[in-house]
Amino acid sequence: MKLGIVGLPNVGKSTLFNSLTKAGAESANYPFCTIDPNVGVVTVPDERIKNLGELYNTKKVTPAVIEFVDIAGLVKGASKGEGLGNQFLANIREVDAIVHVVRCFENSNIVHVDGSINPLRDIETINLELIFSDIEILERRIAKVSRGAKNDKTQAKELALVERIKAHLEEGNMAKSFVTEDDEEILWRNGYNLLTDKPVIFAANVAEDELASDGADNEGVKAVREYAAKEGFEVFVICAQIEEEISELDDDEKAMFLEDLGITESGLDKLIKASYSLLGLISFLTAGEDECRAWTIKVGTKAPQAAGKIHTDFERGFIRAEVVHYSALIENGSIAAAKEKGLVRLEGKEYVVQDGDVILFRFNV
């Protein structure tokens, strides 16, 4: 999974990125501190893998990972070359979802590029820059397709689609709200990789004293939640400064620190939950003496395609899957004990993999 982090300058974007990835992206109190996109890879915390590793006395434990791409703070007019321009938006065209950091805290020592705190205005500013960037992509596509559209029905159909999407964006709408049910059009549309077609997770950045209440009394957070609910997006509340402190602690210290703050999970934990929920993702597990590993798949994935995540040969030569749920395996203490109780099932090609399934794939190529 790959997530792109966007936001205005000085909203806590790079501070959050640093704490999530410990990559050390420069963070300072002036706009455009992040000039090159920063990329960091984070492992997905999953107690199940750790416990399976102990059960199997495994040599290697491999969790699922998320890749974060942090780009320079956007400002109004970025698509027209203001600030650092929109050159960095290309770096997030390949991401699965966008994490939009929104400032919901007051601090006279940290300047806001627009001079005041207004989360909905900030969201609109970023949205417009993403829209303008997408329009530019569509204009290039129109220039390319229109050449052959007069003599080719397929290209004429695509040209009509691109022009419809462009008109939709020019009215200030996100591509996500553009409706088409034609399979061919959906395929073309997916190929454009429009930023405003991607799912969004809002990270509402609050002051430390508002973290325990999850921003319940923060008017900015309320506004962001209302907006996200209307658009079908996810929201999680963070304090980027606290996340930075948490990132320096080991697991035991982290647990104590969170308890002292009156919270049960870190911002990274919240973000991963929101990401999996928004993108419809689950994890299945593989376990053995050599390696215990988590694999991320879409909800509804069938056994052969899940096997293909491990290796294409597994999918091509799929015979069957031996499946036991993680909880049943742990409860019984071994795969042999689980088999004795009939908890290990043989599943075929139509089996839909469930979150927490521990699977051994049988294949032949």
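As a starting point, this report considers the structure included with it.

Calculation notes
Residues numbered from 1 in each chain as written. Predicted model: local features only at pLDDT ≥ 70, side-chain atom pairs only at ≥ 80, totals over all residues. Heavy atoms only, no water. Pairing = 2+ DSSP bridges. Helix = DSSP H or I, 4+ residues; strand = E, 2+ residues; numbered from the N terminus. Axes fitted to C-alpha atoms, helices over the stretch in contact; angles between N-to-C directions. Buried < 20%, exposed > 50% of the residue type's maximum accessible area, 1.4 Å probe, protein only. Polar contact = N/O pair within 3.5 Å; in protein donor to acceptor, adjacent residues only side chain to side chain. Contact = heavy atoms within 4.5 Å. Core = buried A, V, L, I, M, F, W, Y, C linked by side-chain atoms within 4.5 Å. Salt bridge = Lys/Arg side-chain N within 4 Å of Asp/Glu carboxyl O. Phe/Tyr/Trp six-rings, centres within 6.5 Å; stacked < 30°, edge-to-face > 60°. Lys NZ or Arg CZ within 6 Å of the ring centre and 35° of its normal.

## Concerning the sheet that holds strand β1 (residues 2-6)
Right, so step 1: The strand order across the open sheet formed by 6 strands is β2-β4-β1-β5-β6-β7, and the pairing between neighbours is mixed. Only two strands of the sheet have a single neighbouring strand rather than two, namely β2 (38-43) and β7 (234-238). Across this sheet, the average inter-strand angle for adjacent strands is 25°, counted without regard to direction.
Right, so step 2: Pairing analysis gives 5 bridges linking strand β6 (residues 200-205) to β7, with the strands arranged parallel.

## Some words on the side chain of N205
Right, so step 1: Relative to the elements of secondary structure, N205 occurs in strand β6.
Right, so step 2: A residue is classified by how much of its surface remains accessible, and N205, at 3% relative accessible area, is buried.
Right, so step 3: Among the polar contacts made by the side chain of N205, one reaches the main-chain amide nitrogen of A240 at a distance of 2.9 Å.
Right, so step 4: Excluding residues that lie within four positions of it along the chain, N205 makes contacts with V11, G12, V101, V102, R103, C104, F105, I238, C239 and A240.

## Describing the nonpolar core
Right, so step 1: Among the nonpolar cores identified, the biggest contains 70 residues, and L52, F68, I92, F202 and L271 are the most heavily contacted of them.
Right, so step 2: No other element matches the 7 residues that helix α9 (residues 267-279) contributes to this core.
Right, so step 3: For L271, the contacting residues outside a window of four places in its chain are L3, L20, F68, V99, I201 and F236.
Right, so step 4: One finds I131, I142, I165 and W188 within the second-largest nonpolar core, a separate group that totals 17 residues.

## Some details on the pattern of salt bridges
Right, so step 1: One pass over the full model with this rule turns up 23 salt bridges.
Right, so step 2: With a shortest N-O distance of 3.2 Å, R121 and D122 are connected by a salt bridge.
Right, so step 3: Looking at R121, the relative accessible area reads 21%, which means it is partly exposed.
Right, so step 4: One salt-bridge network, held together by shared partners, links D46, R48 and D355.

## Description of the pairing of strand β8 (residues 281-286)
Right, so step 1: Most of β8 sits out of view: 6 of its 6 residues are buried.
Right, so step 2: With burial as the criterion, each face of β8 is covered, one bearing L281, S283 and L285 and the other bearing I282, F284 and T286.
Right, so step 3: Two strands pair when backbone bridges link them, and β8 and strand β9 (residues 292-298) are joined in this way by 6 bridges, in the antiparallel orientation. Of the residues in β9, the one forming a bridge with F284 is W295.
Right, so step 4: Counting the residues between successive antiparallel strands, the hairpin from β8 to β9 contains 5 residues.

## Comments concerning the packing of aromatic side chains
Right, so step 1: Taken as a whole and judged by the stated rule, the model has 6 aromatic pairs.
Right, so step 2: When the centroid spacing of 5.8 Å and the interplanar angle of 70° are considered together, the rings of F202 and Y227 count as edge-to-face. In this pair, F202 is assigned in strand β6 and Y227 in helix α6 (residues 219-231), connecting sequence segments 25 residues apart.
Right, so step 3: Residue F202 is classed as buried on the basis of its relative accessible area of 1%.
Right, so step 4: In this structure an aromatic cluster arises from ring pairing among F284, W295, F318 and F361.
Right, so step 5: Here R293 stacks its cationic end above the ring of W295, 4.1 Å away from the centre of that ring.

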